[in-house]
Amino acid sequence: MEKKYYLGIDQGTTGVTAILFDRHWNQASRGYCEEKLFYPQDGWVEHDADDVWQCVQRAVFSAMEQVGATGNEIISVGIDHEGETVVLWDKKTGRSVYHALVWQDRRTAEYCDTIRSKYGKIISERTHLPVDSYFSATKLQWLLQHVENASSLLQQGRLCAGNMDAWILWKMSGGKIHCTDGSTASRTMLYDIQKQDWAEDLLELFGIPKQIMPTICDSNHVFGNTDSASFLGIAAPISGVLNDQQAALLGQGCTMPGKIKTTYGTGCFMFMNTGDHIVDSQNGILPTVAWRIDGKETYALDGGVYISGAATQWLRDGLQIIEAAADTDAIASSIDNTNGVYFVPAFTGLAAPYWDSYARGMMIGITGSTTREDIVRATLESTAYQVKDLLDVMEKDTQSKIPLMRCDGGASNNQFLMQFQSDILGIPVEVPVVKETTALGAAFMAALGIGEFNSLDDVKYTWKLERRYEPTFKQDQREYMLREWHRAVERSRNWAVNS
């Protein structure tokens, strides 16, 4: 019997993961390629988009090589990506004209401050987003204004723009596809959610010509076929595109309103399905498009943490006090507490619910007895505290009590973190067998796109529980630790304002 595989590609901030799923949705193989991030100035974060494309190919090649898969054994291709990151490229050469500006990049923060009072209301009315440099609009504006040959390429009709999905689609199709989906467009601060198209007044406001933007399609649209000459001999339909966290929401089987998941990666993202209802948060949580299928949008609430796994990476590469991220589980478990140490990993500011571009990282409570183990444990705990902050405001916005959270991503393998997460939340945490739920969600959306499934609800048959964590903390212990965390957060805020 001929082997056949669904391919899910997860282009993340620090690496690309490619997973082949068999006909029964078991993970057959996994390829990975680490991406490089550039920090040219304080608050600036960039990718080499051409290198990202090479990483996509290397990750997919690795996954195929492990099981001996050939290009004609790929049934469909689904893509998810890191979200708000933007890139400009020359359609004639097929190369980026400048580094991609990553979603973490804060170089336009001051500009956003200047336009918020004048244009914040109209931007919110169109997009249901606040004015913030987190989103794509001002990043794209900066590229158009500062890239030396952007104006010339625009005049020649050679300039293309888009988020990383549009870039990967373009490269994967040999330059034939320039598209995106509704979930991605909703993260740009340029998308009119009601009209389901680019908001032309906002494009004009930011000086972005509509002709350089990708066409917005359904998430399960059959965008076209991969070009075998450009993409490892694969000639399969690309039939699923999603923003990464929306893909994880789907991969976790959260297809019904009220279902919630949190993904632990470079950052940490909590999403709640709100069905056909847009919930405008009063507490800094973002309404967004979960996916668009057959012209109908499903919405979600999004709470994002900028720095999660990236803090562990900093322990490894910056401080050099651990050899591998996996080591943190045993190190943190080797002590009973952090000895009063709290770490606020605000390397590039704080996201929801604080939205403070000027907060900076801080470790407090250090004494002469502070150890390496205290610092490692405090770093893991900082992720759990930030997730708790998000859950609290999401419950306020929806006026509902969340009884259970599903967790995925690399750090969901960390048993200390998952137990502490359940303890500090006060609710059970479930971890699935397939933790790469972003790639799973992308692959599932692609399978839906070519008619392999009848509806999104069929995704529940692909989800399998690996472990459930139950809370063990008493309420007074939980409340004390949270009070101390919030004291630390307040001391980190607005640090960079006068620097």
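Criteria and thresholds
- Residues numbered from 1 in each chain as written.
- Predicted model: local features only at pLDDT ≥ 70, side-chain atom pairs only at ≥ 80, totals over all residues.
- Heavy atoms only, no water.
- Core = buried A, V, L, I, M, F, W, Y, C linked by side-chain atoms within 4.5 Å.
- Buried < 20%, exposed > 50% of the residue type's maximum accessible area, 1.4 Å probe, protein only.
- Helix = DSSP H or I, 4+ residues; strand = E, 2+ residues; numbered from the N terminus.
- Axes fitted to C-alpha atoms, helices over the stretch in contact; angles between N-to-C directions.
- Left-handed = near helix turned anticlockwise from the far one by under 90°.
- Contact = heavy atoms within 4.5 Å.
- Pairing = 2+ DSSP bridges.

A. Examining the nonpolar core more closely. In this structure, Leu-88, Met-189, Leu-190, Phe-206, Ile-208 and Met-213 are the most contacted members of the largest nonpolar core, which totals 52 residues. Of all the elements in the fold, those that place two or more residues in this core are strand S6 (86-90), helix H2 (109-127), helix H3 (136-146), helix H4 (150-155), strand S9 (159-163), helix H7 (200-205), strand S18 (286-293) and helix H9 (309-317). For this core, the element with the highest residue contribution is H3, accounting for five residues. Ala-346, Tyr-354, Leu-380 and Met-481 belong to the second-largest nonpolar core, a separate cluster that totals 45 residues.

B. Representation of the packing of helix H1 (residues 49-67) against helix H5 (residues 164-172) within the structure. Taken N-terminus to C-terminus, the directions of H1 and H5 make an angle of 65 degrees; their axes are 11 Å apart at the nearest point. For the pair H1 and H5, the crossing hand works out as right-handed. Counted together, Ala-49, Asp-50, Val-52, Trp-53 and Val-56 of H1 and Met-164, Trp-167, Ile-168, Lys-171 and Met-172 of H5 form the full contact between these two elements.

C. Representation of the pairing of strand S2 (residues 15-21) in the model. With respect to burial, S2 is a largely interior element, seven of its seven residues being buried. By the alternation rule, side chains of S2 split into Gly-15, Thr-17, Ile-19 and Phe-21 and Val-16, Ala-18 and Leu-20, which are all buried. Two elements, strand S1 (residues 5-11) and S2, share six bridges in a ladder whose sense is antiparallel. Bridge pairing in S2 places Ile-9 opposite Ala-18. Between S1 and the antiparallel strand that follows it, S2, lie three residues. Here S2 runs beside strand S3 (residues 27-34); their pairing, made up of seven bridges, is antiparallel. Among the inter-strand pairings, Gly-15 is bridged to a residue of S3, identified as Glu-34.

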